[in-house]
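Survey of secondary and tertiary structure
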Amino acid sequence: MKRPLCFLAILVTVAAFFLNIFKQSNVYEQSPVADKSHVELVGKVHNKECKKDFNGDDIFVIYLIPIGLENRDFEMVQCYLDPSKTLIPSIGEYVKVKGKVKTFSHPTNPGEFDSYLYYSTLKISYRITEAFVLETGGKKSLYKESLFQVKLFLESVLDMILPSQDASIMKAMLLGDRAFIDEETRDMYKNSGIMHTLAVSGLHISIIGMGLYRLLMALMEAASDFFHDKLPGRKRVISPYILWKTLPTVIAILVMYSYGIMCGMGSSSFRAICMFVIRLLAPIAGRTYDVLSALSVAAILLLIDQPLYLYNSGFLFSFGAVVGISVIKPALLPIASYTKDRIRFVDDRERNMGIALATDYALKLLDALCTGIAIMLATLPVYAMFYYTYPLHSIFLNLLVIPLMTILMLAGILAMLLGAIIPFLGYFPGFFVSGILYFFKVISSVETVNGSFTWYMGHSENYQVVLYIVMIVGFLVISNVILCEKEIRIGGKAFKLSLKKLDALRLIIVAAGIFVLTFRTSPELEINMIDVGQGDGIVISCQGKHMLIDGGSTSKKNVGKYQIIPFLKYKGIGRLDAVVLTHEDLDHLSGILEVMDDMEKGGMKIEKLILPEVSEDSRKEAYRQLEDRAKNLSIPVLYINKGEGFTLGNAHFTCLNPKIGMSTQSANAYSTVLFMEYQKKILDKKDSRSRFTALFTGDVEENGLEYVKHVMAADPEKYKDLSLLKVAHHGSQYTTDEEFLKMTSPDAALISCGKDNSYGHPHKELLDRLKRYGVNIYRTDIGGEISVAIDKNKITIEQYLK
């Protein structure tokens, strides 16, 4: 069997996949300690690092293995040390710490980052904040602690010779420390598809490791020749084979292993170092180095150690990129362009110097383009399952970035080493580092490019990924087997195809695979109440049109960035046809401002903003802030009052509140109330089920609620037997009263509120009223995101936390 290690890696991957399914309940088990409780813990310092805290100050973080678990490091505790305490323990020491527990949360919305799963993959059980060391003891690990101090010293050199932003980027590229990169820079690299440059991976190992190995080989050869000349006619004490091969190999491996430990030994760096070790050992063992076999060894070791790596995007990206370059890239070039295993551009007899030079550049450009496309095809499922968007322009940006990375790395290493000896000398290569990073910033921060070429593909299900992989494998089989014979055999009969037809067939298979991976089916009408904590955020989609009603929270920070935008991306929504703000309270507004910030960077687009048309004195600071922000981004601002309406696909919305020019000091009172009507597509139009109605009430209460009841009383038949009610003000007892419920008689009610919120929402009195009227109640604090799908004669209501 060719490449048995590859077959074994596939078996291990399948075993890890099913093991994760069987142990899923353990992955999502409760934390061993209660959130926000205060604990004392004794353990061994496994590792430590320097990070930025929430205030931007430097802080030390240590990773403890509690007593009794020293031989298995999957129960580590992450401790953020109180910066006011000066005692920083060394790696390997035993310590007693005290602090406040912070458990890692599960996602409550589609698309939301699963911090619990992420830290479980890293074998971290929970976090202790505001921690301080009570006692220390035991022996420190001189090896690991020395590497940590070297890392801190090299980082200080980068801080000294480079501007702060450039230094933070080079710390990530050279030392694997991303803690100091600001959010804006991180997002810029991520949205441009060049985030891979910030990870310690194969490029670092090839430059540093192979550079060191070749240098040592040259020195060993020179030393051998020197002693041979000095001692003519004498037998050498050390054989040339051992002198030239073994010693440089051992030194290079030890140095690169230490470099990996210093950089944190993530999955990508482990993979690269493992492949580097096998590459050096293969000639000594008398074997030929094989990329896929070496990659398989790295995958086997990582998955045996932690099967949850299958859910880690960094692991999948790292291995996917190598598979793309090694397996998919060779099959990409059109077979029709080959003549006797080489591309034929012009007749050799017609080649002159100019044509030869142009041809060489064309070949290099084609090779680089094939590399980008191969990596895209290999990693597209990872984007579809974890990020839901793909930066199409990254294929072309990487044509500029990747060739410069070698120069950037060499200049960065030189600047760091020279700066460590004589700081002044480090400024010269540092100048080139800053120049290249500035170029990266220019090509990555073009908002128009990022917005125009970002593909919002949405989330792919597991079966879609499997089908995509099967079709890519089919593409490879045709490329590597059938094309060699120039014919297809079916039932013993041979069918010859022209090369152009085979190329067309391969292209169709790849296109079909991408279609299967990214195909989406949507109901006629979908209403999603996002779990934003104590706040509101509702997404409505109808016939390819999308609208957001409110978006904010007072219990979750950056709700737009971490809940609303990821949900929109998960659904494949890159443009909001309308954003409606019911009123200006922060728990309805904060996330909308973040969506606008994303739009400014070339992300999510907003076609128009709809605000309640109230009196000037009722429009407070937050209302004006949103109004001005929209105008600065050239977002049309519309104002709505009672009786006015608009459509979203086939859904029609009518405003019931506020009345035009309403004057009130209560923002809740003037909340925009929208009545939605949707005619479902069923055969019998007289069937009462053909009409779906919903009422979106914001936080309406007091005189606003009374006005809504007054409007509904004018046409009671229109508003009775409501299909869906968004309960006002997060379930406050002071709204949605008996009279209102008699007028609407809703079938289902949605309540958006934060878990264990300080207001006690939803109030018991309100819940009792709803139950008396037989209303089905759905709450985000219990079930997470709520999805209401209307498709023909079927209405489905599901909660994310089943």
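Just so it is clear, the structure is predicted and the values come from calculations on it, not from any experiment.

Here we come to helix H1 (residues 4–22). The periodicity of an α-helix, 3.6 residues per turn, causes residues three or four positions apart to be oriented the same way. The terminal C-alpha atoms of H1, which comprises 19 residues, lie 27 Å apart, in line with the 27 Å expected from a rise of 1.5 Å per residue. Along H1, the residues classified as buried are Cys-6, Ala-9, Val-12, Ala-16 and Asn-20. Mapping the buried residues of H1 onto a view down its axis gives an arc of 115 degrees, with all of them on the same face. More than 90 degrees from the buried face of H1, the exposed residues found are Ile-10 and Phe-22.

With that out of the way, let us pick up the pairing of strand E26 (residues 776–779). In summary, the side chains of a regular strand alternate between the two faces of the sheet. The sheet contact formed by strand E25 (residues 748–751) and E26 spans 4 bridges and is parallel. Pairing of Leu-750 across the sheet is with Tyr-778, part of E26.

A cis amide bond, omega 5 degrees, links Asn-657 with the succeeding residue Pro-658. Relative to the helices and strands, Pro-658 is located in the loop between strand E21 (651–657) and strand E22 (673–679). Here the residue pair His-761 and Pro-762 is connected by a cis peptide bond, since its omega of -5 degrees sits within 30 degrees of zero. Inspection of the secondary structure assignment puts Pro-762 in the loop between E25 and helix H24 (764–772). The backbone of Glu-130 sits at a positive phi, close to 55 degrees, despite the residue not being glycine.

Turning our eyes to something else, we now look at the environment of Ser-120. Its location among the elements puts Ser-120 in helix H3 (residues 115–121). For the pair Ser-120 and Glu-75, spaced 45 residues apart in sequence, the C-alpha separation works out to 8.7 Å. At 2.7 Å, the side chain of Ser-120 forms a polar contact with the backbone oxygen of Tyr-116.

Note: predicted coordinates in regions of low pLDDT should not be interpreted at a detailed level. Looking at the protein chain, pLDDT values average 87 and 88% of them are 70 or higher. Below pLDDT 50 for its whole length, residues 338–350 participates in 15 contacts with residues either more than four positions away or in separate chains. This stretch, residues 682–686, has a pLDDT under 50; its non-local contacts, to residues over four places away or in other chains, come to 9 contacts.

On to the sheet that holds strand E3 (residues 76–81). Pairing in this closed barrel of 5 strands is mixed, and the strands run E1-E2-E3-E5-E4 around the ring. This sheet shows a mean twist of 55 degrees between the axes of neighbouring strands, independent of strand direction. Taken together, the 9 bridges between strand E1 (residues 38–52) and strand E2 (residues 58–66) define a ladder with antiparallel strand orientation. Across the sheet, the residue bridging to Lys-52 is Asp-58, located in E2. Strand contacts of helix H4 (residues 142–161): E1 and E2, with the helix running at about 45 degrees to E1, the strand carrying the most contacts.

On the surface, a cluster of nonpolar side chains totalling about 670 Å² of accessible area is made up of Ile-10, Val-14, Phe-17, Phe-18, Ile-21, Phe-22 and Tyr-311. Within the secondary structure, Phe-22 is located in helix H1. Looking at Phe-22, the relative accessible area reads 65%, which means it is exposed.

The next subject is the packing of aromatic side chains. Taken as a whole and judged by the stated rule, the model has 19 aromatic pairs. A ring pair is formed by Tyr-388 and Tyr-570, whose centres lie 5.3 Å apart and whose planes are at 75 degrees; its orientation type is edge-to-face. In this pair, Tyr-388 sits in the loop between helix H12 (353–387) and strand E8 (389–391) while Tyr-570 sits in helix H18 (residues 559–570), placing the two residues 182 residues apart along the sequence. Summarising the burial analysis for this pair, Tyr-388 and Tyr-570 share the class buried. Aromatic ring contacts, followed pair by pair, group Phe-104, Phe-113, Tyr-118 and Tyr-119 into a single cluster. Of note, Lys-171 hangs over the ring of Phe-180, and the distance from its end group to the ring centre comes to 4.2 Å.

Attention shifts here to the pattern of salt bridges. Oppositely charged side chains can form a pair if their charged atoms are brought close together. The tally for this structure, following the rule as stated, stands at 28 salt bridges. A salt bridge links Lys-561 to Glu-183; the shortest N-O distance between them is 2.5 Å. Taken together, the residues Lys-561 in helix H18 and Glu-183 in helix H6 (residues 183–191) connect sequence positions 378 residues apart. Between Arg-772 and Glu-738 there is a salt bridge, with the nearest N and O atoms lying 2.3 Å from each other. You can see Arg-772 sitting in helix H24 and its partner Glu-738 sitting in helix H23 (residues 738–744), a full 34 residues away along the chain. On the basis of relative accessibility, which here comes to 53%, the residue Arg-772 falls in the exposed class. Look at the salt bridges and you will find they share partners, linking Glu-616, Arg-619, Arg-624 and Glu-627 into a network.

In this section: the sheet that holds strand E20 (residues 645–648). In spatial order, the strands read E20-E21-E22-E23-E24-E25-E26; together these 7 strands make up an open sheet with mixed pairing. At either end of the open sheet lies a strand with only one pairing partner, and these are E20 and E26. Each strand axis lies, on average, 20 degrees off the axis of its neighbour in the sheet, ignoring direction. When strand E24 (residues 724–726) meets E25, the two strands line up parallel, connected through 3 bridges. Within the sheet, the bridge partner assigned to Leu-725 lies in E25 and is Ala-749.

Met-170, Met-173, Tyr-189, Leu-408, Leu-437 and Phe-440 are the most contacted members of the largest nonpolar core, which has 49 residues in total. Broken down by secondary-structure element, the contributors of at least two residues to this core are H4, helix H5 (164–175), H6, helix H7 (202–230), helix H8 (240–262), helix H9 (267–284), helix H13 (394–421) and helix H14 (423–444). Take this core: its biggest share by element is 9 residues, from H13. Other than its neighbours up to four places away in sequence, Met-173 contacts Tyr-189, Thr-197, Leu-198, Val-200, His-204, Tyr-259, Met-405, Leu-408, Met-409 and Leu-437. The next biggest cluster of nonpolar side chains, apart from the first, holds 35 residues, and it includes Val-579, Tyr-623, Val-637 and Ala-667.

Calculation criteria
- Residues numbered from 1 in each chain as written.
- Predicted model: local features only at pLDDT ≥ 70, side-chain atom pairs only at ≥ 80, totals over all residues.
- Heavy atoms only, no water.
- Helix = DSSP H or I, 4+ residues; strand = E, 2+ residues; numbered from the N terminus.
- Expected span 1.5 Å × (residues − 1).
- Buried < 20%, exposed > 50% of the residue type's maximum accessible area, 1.4 Å probe, protein only.
- Arc of directions from axis to C-beta.
- Pairing = 2+ DSSP bridges.
- Polar contact = N/O pair within 3.5 Å; in protein donor to acceptor, adjacent residues only side chain to side chain.
- pLDDT = per-residue confidence, 0-100.
- Contact = heavy atoms within 4.5 Å.
- Axes fitted to C-alpha atoms, helices over the stretch in contact; angles between N-to-C directions.
- Patch = residues over 30% accessible without salt bridge, like charges linked within 9 Å, V, L, I, M, F, W, Y side chains within 5 Å.
- Areas by Shrake-Rupley, 256 points an atom, 1.4 Å probe, with all protein chains shown as cover.
- Salt bridge = Lys/Arg side-chain N within 4 Å of Asp/Glu carboxyl O.
- Phe/Tyr/Trp six-rings, centres within 6.5 Å; stacked < 30°, edge-to-face > 60°.
- Lys NZ or Arg CZ within 6 Å of the ring centre and 35° of its normal.
- Core = buried A, V, L, I, M, F, W, Y, C linked by side-chain atoms within 4.5 Å.

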